[in-house]
Amino acid sequence: MNAVLFDFSGTLFRFTERSEWFTRLRQESGEEFDGEAQSEIIRRMTAPVGMPPGLPTEDELAWERRDLDPLLHRRAYLSVLRASGLTLPGHAELLYERVVDPSSWEPYPDTGDCLRRLRERGIKVGVVSNIAFDVRAVFDIHDMAGLVDDFTLSYEVGVTKPDPRIFTLAASHLGVDPVDVLMVGDSEEADGGARAVGCRFALVEPAPVEQRPHALLDAVSGLLAQ
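A brief report on the enclosed structure follows. (Residues numbered from 1 in each chain as written. Predicted model: local features only at pLDDT ≥ 70, side-chain atom pairs only at ≥ 80, totals over all residues. Heavy atoms only, no water.)

**As for the side chain of Gln38**
Working step 1: Within the element layout of this structure, Gln38 appears in helix 1 (residues 35-46).
Working step 2: A relative accessible area of 10% means that Gln38 is categorised as buried. (Helix = DSSP H or I, 4+ residues; strand = E, 2+ residues; numbered from the N terminus. Buried < 20%, exposed > 50% of the residue type's maximum accessible area, 1.4 Å probe, protein only.)

**Looking at the packing of helix 3 (residues 70-83) against helix 4 (residues 91-99)**
Relative orientation and spacing of two packed helices are given, respectively, by the angle between their axes and the distance between those axes.
Working step 1: At a closest axis distance of 9 Å, the pairing of helix 3 and helix 4 adopts a crossing angle of 125°. Comparing their axes, helix 4 and helix 3 come out oblique. Relative to helix 4, helix 3 is oriented so that their crossing is right-handed. Across the interface between the two elements, Pro70, His73, Arg74, Tyr77, Leu78, Leu81 and Arg82 from helix 3 touch Ala92, Glu93, Leu95, Tyr96 and Glu97 from helix 4. (Axes fitted to C-alpha atoms, helices over the stretch in contact; angles between N-to-C directions. Parallel < 35°, antiparallel > 145°, perpendicular 65-115°, else oblique. Left-handed = near helix turned anticlockwise from the far one by under 90°. Contact = heavy atoms within 4.5 Å.)

**Things to note about the pairing of strand 4 (residues 124-129)**
Working step 1: Across the 6 residues that make up strand 4, a large majority, 5, are buried.
Working step 2: Pairing between strand 1 (residues 3-6) and strand 4: 4 bridges, direction parallel. Along strand 4, the bridge assignment pairs Phe6 with Val127.
Working step 3: The sheet contact formed by strand 4 and strand 5 (residues 150-153) spans 4 bridges and is parallel. (Pairing = 2+ DSSP bridges.)

**Considering the packing of aromatic side chains**
Within a pair of aromatic rings, the relevant descriptors are the distance that separates the centres and the angle that separates the planes.
Working step 1: Taken as a whole and assessed by the stated rule, the structure comprises 10 aromatic pairs.
Working step 2: Arranged with centres 5.5 Å apart and planes meeting at 35°, the rings of Phe8 and Phe13 form a pair that is tilted.
Working step 3: We classify Phe13 as buried; its relative accessible area is 0%.
Working step 4: A ring pair is formed by Phe15 and Trp105, whose centres lie 5.3 Å apart and whose planes are at 50°; its orientation type is tilted. Placement of the pair is Phe15 in strand 2 (residues 13-15) and Trp105 in strand 3 (residues 105-107), with a sequence separation of 90 residues. The pair Phe15 / Trp105 is uniform in exposure class, with both members buried.
Working step 5: Here a set of aromatic residues connected by ring pairs shows up, and it is made of Phe8, Phe13, Phe15, Trp21, Trp105, Phe133, Phe139 and Phe151.
Working step 6: The ring of Trp63 has Arg66 lying over it, and the distance from NZ or CZ to the ring centre is 3.8 Å. (Phe/Tyr/Trp six-rings, centres within 6.5 Å; stacked < 30°, edge-to-face > 60°. Lys NZ or Arg CZ within 6 Å of the ring centre and 35° of its normal.)

**Some remarks on the pattern of salt bridges**
Pairs may arise between side chains of opposite charge once their charged atoms sit close together.
Working step 1: One pass over the full model with this rule turns up 14 salt bridges.
Working step 2: When the shortest N-O distance is used, the salt bridge between Arg26 and Glu32 registers 3.4 Å.
Working step 3: Judged by relative accessible area, which is 26%, Arg26 ranks as partly exposed.
Working step 4: Owing to a relative accessible area of 56%, Glu32 belongs among the exposed residues under this scheme.
Working step 5: Of the charged contacts, one joins Glu97 and Arg74 as a salt bridge, the two residues approaching to 3.1 Å between their closest N and O atoms. On the criterion of sequence distance, the pair formed by Glu97 in helix 4 and Arg74 in helix 3 is long-range, its members being 23 residues apart.
Working step 6: Several salt bridges share partner residues, and in doing so they unite Asp7, Lys161 and Asp191 into one network. (Salt bridge = Lys/Arg side-chain N within 4 Å of Asp/Glu carboxyl O.)

**With respect to the sheet that holds strand 6 (residues 181-185)**
Working step 1: Read from one edge to the other, the open sheet built from 5 strands follows the order 5-4-1-6-7, with strand pairing classed as parallel. Strands at the two margins of the open sheet, each flanked by one partner only, are strand 5 and strand 7 (200-203). Each neighbouring strand pair of the sheet contributes to a mean axis angle of 20°, computed without reference to strand direction.
Working step 2: Sheet analysis places strand 1 next to strand 6, joined by 4 bridges and oriented parallel. Directly across from Val4, in strand 6, lies its bridge partner Leu182.
Working step 3: Packed on one face of the sheet, helix 5 (residues 111-120) meets strand 1 and strand 4 and runs near 155° to strand 1.

In structure tokens form, the structure reads like this:
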């Protein structure tokens, strides 16, 4: 292995709800969203695969293609939010803006350390993500931009995981053969698709940040021990 590809959401960074985001948001009945409801809304927003419950039929195609086009991404997620109870005018839009705000994404405790150690070992690092906004800004605000050699983002390259083409493309961007690549991600279905082109795969859980202190370092431990 001479290169590692990382998924973004649920792997290197996590979109974590903050109670103050919901202060101005109400259900149509006027009731507040309790902690359980808030967590469920965020879970629907960040699940890597599957169709969210209650999504109108006319928005299903937008959901399936959300990571290929920013406009479809916005339409799909606003529909998910409205189906989750944010039906009052402007409320879904307020929460959606949090999703695309770089400051809303929190790195896992070992993200920076893992990327730095790989760079010190001369191992190339790429990020391959099903996403419809530029995550480079997230790395910028955490001083990690220089730790990633290349970003392969679905909306820029026109293909999503688990399509084998996105992994082949990501490996080519790093100048390596896919058989020499380790893919690290939180979805067996989406990220595990890298196996189809010969990559090895390591699964990490998309747990809350405080509950996952060293999963990334564990995933690449074999490379760091070389």
